[in-house]
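Observations on the three-dimensional arrangement
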Amino acid sequence: MQHTRAATDGTGQAETRVRFLTAEPLQSHRVWDPIHASWKCSRHSQVAADRVEIPYISDPDTESWLARSAAPVLRRLHEDLEGQPISIILTDSSGLVVSRLCGDSIIERQLDRVLLAPGSSYAESYLWTNGIGTAVERGGPAHVFGHEHYAEKLEDLACVGVPIQHPVTGKVVGSVDLTCWRSDAGPLLIALAKTTASQIRQSLLLDATIHEVDLLQEYLRVCRRAPGIVLALGTDVVMMNDYARRVLGPADQAALLLQAGEALKERRRTEVLVLPSTTTVKIYVRPFPGSASAGVVHAKLVEKESSRPAVMGASIRMLLPGLVGTGPVWRHACDEVEAAYEAREWLAVTGEPGVGKLAVVRAVLQRRNPAGRFTALEATSFEIRRALLEDPPAAVVLRHAERLGAAGTRALSATLQEAALRPGMWVALTDPPTDGVLLRLFPATADISPLRHHIEDLQLLVPFFLSRLGLGGKLTCSPEAMQTLMRAHWPGNVEQVLDTLRRVAEHRRSGAIQPQDLPPEILSMSRRRLSRLESLERDAIAQSLTDSHGNKAAAAAALGMSRATIYRKIHQFGIVPPTT
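Read on for a plain summary of the structure. (Residues numbered from 1 in each chain as written. Predicted model: local features only at pLDDT ≥ 70, side-chain atom pairs only at ≥ 80, totals over all residues. Heavy atoms only, no water.)

**Topic: the sheet that holds strand β4 (residues 157–165)**
As summarised here, the arrangement of the 5 strands in space is β2-β1-β5-β4-β3, forming an open sheet in which the pairing is antiparallel. The outermost strands of the open sheet, each flanked by one partner alone, are β2 (97–102) and β3 (142–145). Going from strand to strand, the sheet's axes swing by 15° on average, the running direction of each strand aside. Here β4 pairs with strand β5 (residues 172–181) via 9 bridges, running antiparallel. Opposite L157, over in β5, you have W181 as the bridge partner. Across the sheet, helix α4 (residues 105–113) is in contact with β1 (86–92), β2, β4 and β5; its angle to β5 comes to roughly 120°. (Pairing = 2+ DSSP bridges. Helix = DSSP H or I, 4+ residues; strand = E, 2+ residues; numbered from the N terminus. Axes fitted to C-alpha atoms, helices over the stretch in contact; angles between N-to-C directions. Contact = heavy atoms within 4.5 Å.)

See the structure below:
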């Protein structure tokens, strides 16, 4: 029996949500079935209920086909709703917010507080039970009012999301969301969102060029005739058949799209590629007439035994020695370091501690000059003058220059100016001071992004580091543990990942890593620095939850605290309890 949904929600819905969060029995008629199912998914995915924690992914592409086609439709609606407390939001197919129009400054400030702004993602993988993510995931309209939201910070809002479908393929290319105050929600909001999505779809059809239609027809022709993986790439279009989605993981899909795009630009007709998971594919490229970067790519899986000797070169082209990762920001940083070395420009390398500044420079040098002598020194070392002037290697990396005082900075600057007169010397400086005295000697800068900005690379880093620790093939990471790792903040970046796995390996050296094997600080998603006392308290709660298999009542009893206190502490420290 399907439960009937109330027009508005009030204290009854709020009480139902609290009962659900505290694992109390629910009265079946008090919650709509789809909302109840979404709450269960939220709890299973260990989404925080007391706050909104969603990532800023990237600056949205406001020149995409979707954004350009939707803009006039959304502007007209914004003008019609002028002065009304309704926000009009456009997202792409992943739930990334592309644009937001608000007719009221008060609701606009509220949306800023809950991070519902361009560049942020409201995908269900980050925040269940919201109009945007649910609409995109289900491929149909979704409306979530007030206390139906799993995250309590959204309880004053009502949102209606409707997916926007490609006018030819029918695939979801984005969504339009109307958000207002909970008290203003009603059937009219739902009808308006559906009408707006339909108008955007018509606009997409009108804006579709003959070129894009021809590309689609060629893609469909290849799909019918050629078994295997089929991709189509255009200026604003990327298509991938269902077979590719089934046999390739997200990291392999991203790497294949990147390599296929490069092959199209360079007009390489056939190539063998090794993907991040070590899956090998042979691609056949069909460039599209009249375009420098559009075409259809057909790929076949290749057996490792027959392909390994032939593709070593492809593997070397894809990665720097000793480094893994396919995230765009990570690849861009590696390219910047390599470009500076090739141009023989002295380079300042910036980034948070543990991001891999020295590792990237070392990898570039090993690739570009494997026989050359390479020296890494602390910027405060007394050996710098001898290394730079008396017995200079091919390359020198000076580390932690920010630790220099004023006198040390002047002395190092003088030595570097003298070394710059000698041909062939290449110097990289990590963590440069901000006063500019040294920076003027380094014309190029490369910024290594923190791990949280290319968190997808964890899926490659974890097996890579396990292999480095001598556990490759013996110890793997379970999907549940990987999910926990992907949700962590990683203030220590890549270096912290290696240290975490080293600690895990102290007590588990075979089988699959489970969430309960991870250190307590990884099970906590607190974004602020904790005091020593708070850290001890967090670790004790996390360990007790692990020992009790996620049973909060049992964990509270073991620690001698009330159930209310442990719930508050779990929320305060952002602890993700293990699931039973």
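**Concerning the pattern of salt bridges**
As enumerated under the stated definition, the model contains 12 salt bridges in all. For the salt bridge of E108 with R100, the shortest nitrogen-to-oxygen distance reads 3.6 Å. Residue classification places R100 among the buried residues on the basis of a relative accessible area of 17%. Between R100 and D112 there is a salt bridge whose closest N-O contact spans 2.9 Å. (Salt bridge = Lys/Arg side-chain N within 4 Å of Asp/Glu carboxyl O. Buried < 20%, exposed > 50% of the residue type's maximum accessible area, 1.4 Å probe, protein only.)

**Brief notes about the pairing of strand β11 (residues 347–350)**
The pairing of β11 with strand β14 (residues 426–430) spans 3 bridges and is parallel. Looking at β14, one finds that L347 is bridged to A428. Summarising the sheet, β11 and strand β15 (residues 444–447) pair through 4 bridges and their orientation is parallel. Within β15, the residue paired with L347 across the bridge is A444.

**Some words on the environment of L485**
Within the secondary structure, L485 is located in helix α17 (residues 479–487). On the accessibility criterion, L485 (2% relative accessible area) is buried. Taking C-alpha positions, L485 is 9.4 Å from Q459, a pair spaced 26 residues apart along the chain. Every residue in contact with L485, bar those within four places of it in the chain, is listed here: L458, V462, C477, W490, L518 and I522.

**Some remarks on the side chain of T91**
The residue T91 is located in strand β1 in this model. Residue class for T91 comes out buried when judged on its relative accessible area of 0%. Aside from chain neighbours lying at most four places away, what touches T91 is L66, L96, V97, V98, I132, V136, V173, G174 and S175.

**With respect to the packing of helix α16 (residues 458–468) against α17**
In the contact formed by α16 and α17, the axes pass within 10 Å of each other and the chain directions differ by 115°. Here the hand of the crossing between α16 and α17 comes out right-handed. On α17, the residues that touch L458, Q459 and V462 of α16 are M482, L485 and M486. Class assignment of the residues belonging to the contact of α16 with α17 gives a composition of 5 nonpolar, 1 polar and no charged. (Left-handed = near helix turned anticlockwise from the far one by under 90°. Nonpolar A, V, L, I, M, F, W, Y, C, P; charged D, E, K, R; others polar.)

**Overview of the packing of aromatic side chains**
Counted according to the given criterion, the structure contains 3 aromatic pairs. Taken together, a centroid distance of 5.1 Å and an interplanar angle of 85° make the contact between Y341 and W426 edge-to-face. You can see Y341 sitting in helix α12 (residues 328–342) and its partner W426 sitting in strand β14, a full 85 residues away along the chain. It is R344 that lies over the ring of Y341; its NZ or CZ is 4.6 Å from the centre. (Phe/Tyr/Trp six-rings, centres within 6.5 Å; stacked < 30°, edge-to-face > 60°. Lys NZ or Arg CZ within 6 Å of the ring centre and 35° of its normal.)

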